Amino acid sequence: MISVKVTAPTATIVLDRKSAHNALDAKMIRELSQAFHDLHGEKRVRSVVLTAAGQTFCSGVDLKAWHETILHDEESLENWQEVAAELQELLEQMMRFPKVLIAAIDGGAIGFGFALVLASDLVVATERAFFSLPAPRYGLVSGHVAPLLYFRYGAAAASRLLLGNERIEGKIAAELGWVHRLVPSDQCWVAANQWANDISNVAPESIQMTKRLLNEMIGESMFDALSSGATALATMCSTEAASEGIAAFVEKRLPKF
């Protein structure tokens, strides 16, 4: 479900679970984390492109999979805390990844899928791309996205998506500065890979220190906020509202709150 292609000095990580709109289940999360771990120590690779197969970049966490394994468990809060912690660790791994990470988006980045984009350093997208946070529709909270969205774009942008239930299209995202390069659909990976190649010509030590400056020094409090966000997500997931919202999602009906 996760494939890695290395063409030095760049590499591409591909989310490839098209049948589920690239929703993340436990196996996919582990594979994605392993991909970053492997490329962390790969000296031939200086920049990485994160992209996806199919028409959706990532539809977020696979609620159907988690519904089947956790929802009726007597220790659901503890299990949700484990899930939230794994997601938090993945985002922190991306933020601390010592090489430039470019997200190439040609489709929807929804829920935690948007978190993957926000944890990347640069974003190349097409007009088919869009960003949305539907968690409240299902009695949930975007605990991982909120700190990253605030860190990247500020409180106004965070409120717009977290509370406003708004879908931001690729062209608008580019005008807002959320997307750094807007390209035609058939050029998405090509443009991102070319950018990654250009970046690979600079000193890797400079890139690593600059990322630490941005993400770990200037953004030091963001990691504490991620932890708080993960706790909020786990707590909300164990409520009756979440039980109804997730059940409605799985059953393809409107929730009754």
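Residues numbered from 1 in each chain as written. Predicted model: local features only at pLDDT ≥ 70, side-chain atom pairs only at ≥ 80, totals over all residues. Heavy atoms only, no water.

Asks: Give a detailed account of the overall build of the protein, specifying residues and quantitative values.
Replies: A count of helical and extended segments in the protein gives 11 helices and 10 strands. Taking 18 Å as the expected radius of gyration for a compact globule of 257 residues, we find that the protein reaches 18 Å, a close match to that expectation. Over its C-alpha atoms, taken along the principal directions, the protein stretches across nearly 55 × 35 × 35 Å. Sequence separation of 24 or more characterises 72% of the internal contacts of the protein that already satisfy a separation of 6 or more. (Helix = DSSP H or I, 4+ residues; strand = E, 2+ residues; numbered from the N terminus. Rg over C-alpha atoms; globule rule 2.2 N^0.38 Å. Contact = heavy atoms within 4.5 Å.)

Asks: Before we move on, could you go through the pairing of strand β7 (residues 122-125) and cite the residues and values that matter?
Replies: Of the two faces of β7, the one carrying Leu-122 and Val-124 and the one carrying Val-123 and Ala-125 are both buried. Here four bridges tie strand β5 (residues 100-105) to β7, and the two strands are oriented parallel to one another. Residue Ile-102 lies in a different strand from β7, and its bridge partner there is Leu-122. Bridge analysis of β7 against strand β10 (residues 181-182) gives two bridges, and the strand direction is parallel. Counterpart to Val-124 in the pairing with β10 is Arg-181. (Buried < 20%, exposed > 50% of the residue type's maximum accessible area, 1.4 Å probe, protein only. Pairing = 2+ DSSP bridges.)

Asks: Quick rundown of the environment of Met-95? Include the residues and the values.
Replies: Inspection of the secondary structure puts Met-95 in helix α3 (residues 76-95). On the basis of relative accessibility, which here comes to 1%, the residue Met-95 falls in the buried class. Separated by 44 residues in sequence, Met-95 and Thr-51 place their C-alpha atoms 17 Å apart. Each residue touching Met-95, except ones within four places of it in the same chain, is listed here: Leu-118, Ala-119, Leu-148, Phe-151, Arg-152, Lys-211, Asn-215, Met-222 and Phe-223.

Asks: I'd love a proper account of the environment of Leu-77, names of residues and values included.
Replies: Tracing the backbone through its elements, the reader meets Leu-77 in helix α3. The class of Leu-77 is partly exposed, set by a relative accessible area of 32%. Taking the C-alpha atoms as reference points, Leu-77 and Ser-59, separated by 18 residues in sequence, lie 23 Å from one another. Excluding its chain neighbours within four sequence positions, the residues that come into contact with Leu-77 are Ala-234, Thr-235 and Ser-238.

Asks: Tell me about the pattern of salt bridges, and please be specific about residues and values.
Replies: Within the structure shown, the criterion is met by 13 salt bridges. Between Asp-62 and Arg-17 there is a salt bridge, and its shortest N-O distance comes to 2.8 Å. Here Asp-62, found in the loop between β4 (56-58) and α2 (63-70), pairs with Arg-17, found in the loop between β2 (10-15) and α1 (26-40); they are 45 residues apart in sequence, far enough to count as distant. Judged by relative accessible area, which is 9%, Asp-62 ranks as buried. Overall, Arg-17 belongs to the buried group, its relative accessible area being 18%. Residues Arg-128 and Asp-106 are paired through a salt bridge, measuring 2.6 Å at the closest nitrogen-oxygen approach. (Salt bridge = Lys/Arg side-chain N within 4 Å of Asp/Glu carboxyl O.)

Asks: Explain the nonpolar core residue by residue, including any values.
Replies: Inside soluble globular proteins, nonpolar side chains tend to come together where they are buried. Counting residues in each nonpolar core, the largest one holds 66 residues, and the members touching the most others are Leu-15, Phe-57, Phe-114 and Leu-116. Ranked by the residues each element gives to this core, the list is headed by α3, at eight residues. In this structure, Phe-114 is in contact with Ala-109, Phe-131, Leu-133, Val-145, Leu-149, Leu-161 and Trp-178, ignoring residues within four places of it in sequence. (Core = buried A, V, L, I, M, F, W, Y, C linked by side-chain atoms within 4.5 Å.)

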